[in-house]
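Structural overview for review
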Amino acid sequence: MPARTRQAEAVPVAGLAKLSEKRRQQLPACTVAQLRQRIAAGEYLVVIDGLVCKLNGFVNKHPGGPLALLHMVGHDATDEVLSMHPREVLATMVPRWAVAQFVPDGSGRVSFVEDMALPYSAPRTAGGEDPVLDYGAIQRDYWQLHAQLQAEGFFKCTYSDYTWDAVRYVVLLAASLGLVVWGGGQTWVYVLAGLCTALLWQQLSFLVHDLGHNELTGRRGVDLILGICVADLLGGLSVGWWKKNHNTHHVVTNDVDNDPDIQHMPFFAISTRFFESRFSTYYRRVMHFDAAARLFVSLQDKLYYVIMCFARFNLYVQSWLYLLTSDFAPYRMLEVFCIAGFFVWFGYLLTYIPTWPQRLLYVLIANTASAVLHVQLTLSHFAMSTESPDPERECFCARQVRTTMDVICPRWFDWFHGGLQFQIEHHLFPRLPRHKLVRVQPLVKDLCRRHGMQFKEFSFIDGNVYTIQWLGEVARRAKVYNCREHLHEQAVNSIAKAAGGL
């Protein structure tokens, strides 16, 4: 039986930090006990490549948002940091934060705070089956694959890959505008225009996703400005809100208390853990499993597609809430200006539609037909594991494979999914340009096969069926829970009535 724990590494293993051996040896040692003590005292300490890095002065300046870093506190986050950042950036930045050399305790742990009550990050949800995996070997092979892709130039964008994408964006934009402007008062024309607009927004979302992960130019500022021009100005949605949400999702994928991408109460619960009214570290509030939640969750498999039709309207609201209330919005004024610009040009476009019923029809179709994007976004995670078999030792690679699934589709239809069909590969290598994910998939499958990790993939139809079945199973359990609560209330009321009659 292979060992589940990885061998402790007292020396840098991922080669992220350009720190001389002399400088490294000058740093004081920090044991696990000392790490925990300093974190309890208020320091934000993260282990990166054998170094203890103090991030108190950087956490609120982190381009990906504070929470993405705070969820790494008390963890060996070498893999997370490696996956999300260019090596050249880390080689110069990590030494600035280093305050000590980390001395592992030989236990194979990558998390040292699972039993600590941190105000900004909840312990990873534990449970589920406990497969016998050699996390150390998985991690080393993940590093090796990452280095191979780096050496072969996979992380550099090939701009010609976007040729047909650009043609598609222009055609859809022209069709959307042209059908509205020259619709001639024909209702069916505005219906077609709404569908073209919905498809345009879906396709542009894939481009914004690339830009948000700095996959296009590799220059954070340039990609972010381009993303704002596309998402905020053409789609009315905030890139800043998306980055804060999405980067957190990548670090704590499918964790009930920490991942905002699965926290959709009162409408959806993808785990019975939500019945416990858990506290969301992202939204900083309790996700109450109240009467409304019990009703919606008990019907969630039947309401799934209906609710998805209104998801884009929710994103408009979330964008404005972020820009008006968030304490972290580095491009606040630019985003406000661009989103306001969206509503100006979109509102002006509507003046070409002669009647209010036709205008309303166009707006509803453009926004509700975008439901296909939200189905694509939720499909890869909603029916996947939300509980870690070993929160202290499970490595980044094993966690991403456990919580994510791929969608099988023919190559000619790749454009429709925009890279979302390769979610496992994307979660392992978030900076990898999406057009290259198809070439990486066989390598990831081979890694999973060698280490006994289950690589889940379904066709789009089967994936929908699988997700609906899982939502239905949670809904069934919610109905049982509701019955028990009802019986409990009846019993309490009967006892109270009996006591009052004495």
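Nothing here was measured: the structure is a model prediction, and the numbers come from that model. (Residues numbered from 1 in each chain as written. Predicted model: local features only at pLDDT ≥ 70, side-chain atom pairs only at ≥ 80, totals over all residues. Heavy atoms only, no water.)

1. A look at the nonpolar core
Counting residues in each nonpolar core, the largest one holds 59 residues, and the members touching the most others are Leu35, Ile39, Val52 and Tyr362. No other element matches helix α14 (residues 332-350), which puts five residues into this core. If we skip the residues at most four places from it in the chain, Val52 touches Cys30, Leu35, Leu45, Val46, Val47, Trp97, Ala98, Val99, Ala100, Gln101 and Phe102. (Core = buried A, V, L, I, M, F, W, Y, C linked by side-chain atoms within 4.5 Å. Buried < 20%, exposed > 50% of the residue type's maximum accessible area, 1.4 Å probe, protein only. Helix = DSSP H or I, 4+ residues; strand = E, 2+ residues; numbered from the N terminus. Contact = heavy atoms within 4.5 Å.)

2. Things to note about the packing of aromatic side chains
Taken as a whole and assessed by the stated rule, the structure comprises 31 aromatic pairs. Ring geometry for Phe275 versus Tyr481: centroids 5.5 Å apart, planes at 45°, classification tilted. Highlighted residues: Phe275 in the loop between α10 (239-251) and β5 (279-280) and Tyr481 in helix α21 (residues 460-500), separated in sequence by 206 residues. A residue is classified by how much of its surface remains accessible, and Phe275, at 9% relative accessible area, is buried. Three or more aromatic residues joined by ring pairs form one cluster here, namely Trp201, Phe310, Phe313, Tyr316, Phe342, Phe343, Trp345, Phe346 and Tyr362. Here the guanidinium or amino end of Arg431 rests over the ring plane of Phe155, the centre of that ring lying 4.7 Å away. (Phe/Tyr/Trp six-rings, centres within 6.5 Å; stacked < 30°, edge-to-face > 60°. Lys NZ or Arg CZ within 6 Å of the ring centre and 35° of its normal.)

3. Overview of the pairing of strand β2 (residues 45-48)
Every second residue of β2 is oriented toward a common face, with Leu45 and Val47 on one face and Val46 and Ile48 on the other, all of them buried. Relative to strand β3 (residues 51-54), β2 runs antiparallel, the two sharing four bridges. Within β3, the residue paired with Leu45 across the bridge is Lys54. Here β2 hands over to β3 after two residues, with Asp49 in that stretch at a positive phi of 55°. (Pairing = 2+ DSSP bridges.)

4. Remarks on the environment of Ile270
Of note, Ile270 is situated in the loop between α10 and β5. For Ile270, the residues in contact, after removing those within four places along its chain, are Asn254, Ile262, His381, Phe382, Thr386, Trp470, Leu471 and Val474.

5. Brief notes about the pairing of strand β4 (residues 98-103)
Where strand β1 (residues 29-31) and β4 come together, three bridges link them in parallel fashion. Each residue of the ladder has a partner; that of Cys30, found in β4, is Phe102. Inspection of the sheet shows β3 paired to β4 by three bridges, in the antiparallel sense. From the neighbouring strand, Leu51 faces β4, where its bridge partner is Gln101.

6. Focus on the side chain of His75
Of note, His75 is situated in the loop between α3 (66-70) and α4 (78-84). For His75, a relative accessible area of 10% gives the class buried. Not counting chain neighbours up to four residues away, the residues in contact with His75 comprise Val46, Val47, Val110, Ser111, Phe112, Val113, Glu114 and Arg124.

7. Some words on helix α13 (residues 311-325)
Spanning 15 residues, α13 covers 21 Å between terminal C-alpha atoms, matching the ideal 21 Å at 1.5 Å per step. Those residues of α13 that fall on the buried side of the exposure criterion are Ala311, Arg312, Leu315, Tyr316, Gln318, Ser319, Tyr322 and Leu323. (Expected span 1.5 Å × (residues − 1).)

8. Points about the packing of α10 against α13
Viewed as axis vectors pointing N to C, α10 and α13 meet at an angle of 90°, and their least axial separation amounts to 8 Å. As judged from the angle between their axes, α10 and α13 are roughly perpendicular. Taken together, the residues of α13 that come into contact with α10 (itself represented by Gly240, Trp241 and Lys244) are Leu315, Gln318 and Tyr322. Of the residues assigned to the contact of α10 with α13, the class counts are three nonpolar, two polar and one charged. (Axes fitted to C-alpha atoms, helices over the stretch in contact; angles between N-to-C directions. Parallel < 35°, antiparallel > 145°, perpendicular 65-115°, else oblique. Nonpolar A, V, L, I, M, F, W, Y, C, P; charged D, E, K, R; others polar.)

9. Topic: the pattern of salt bridges
For the structure on display, the rule yields 23 salt bridges. Connected through shared salt-bridge partners, Asp105, Arg109, Asp390, Glu392 and Arg393 make up one network. (Salt bridge = Lys/Arg side-chain N within 4 Å of Asp/Glu carboxyl O.)

10. With respect to the side chain of His250
Mapped onto the secondary structure, His250 falls in helix α10. Overall, the relative accessible area of 3% leaves His250 in the buried class. When residues no more than four places from it in sequence are discounted, the contact partners of His250 are Met84, His213, Phe396, Gln400, His426, His427 and Pro430.

11. Quick notes on the sheet that holds β2
Read from one edge of the open sheet, four strands run β1-β4-β3-β2, paired in mixed fashion. Bordering the open sheet on either side are β1 and β2, each of which pairs with just one other strand. Across this sheet, the average inter-strand angle for adjacent strands is 45°, counted without regard to direction. Strands β1, β2, β3 and β4 of the sheet are contacted by helix α2 (residues 32-40), whose axis makes an angle of about 85° with β1.

12. Looking at helix α16 (residues 371-379)
For α16, the buried fraction is high: seven of the nine residues fall into the buried class. For α16, the full list of buried residues reads Ala371, Leu373, His374, Val375, Gln376, Thr378 and Leu379.

13. Topic: a nonpolar patch on the surface
Residues Trp164, Val167 and Val171 make up a contiguous nonpolar surface patch of roughly 340 Å² in combined accessible area. Within the fold, Val171 resides in helix α7 (residues 163-181). Residue Val171 is classed as exposed on the basis of its relative accessible area of 52%. (Patch = residues over 30% accessible without salt bridge, like charges linked within 9 Å, V, L, I, M, F, W, Y side chains within 5 Å. Areas by Shrake-Rupley, 256 points an atom, 1.4 Å probe, with all protein chains shown as cover.)

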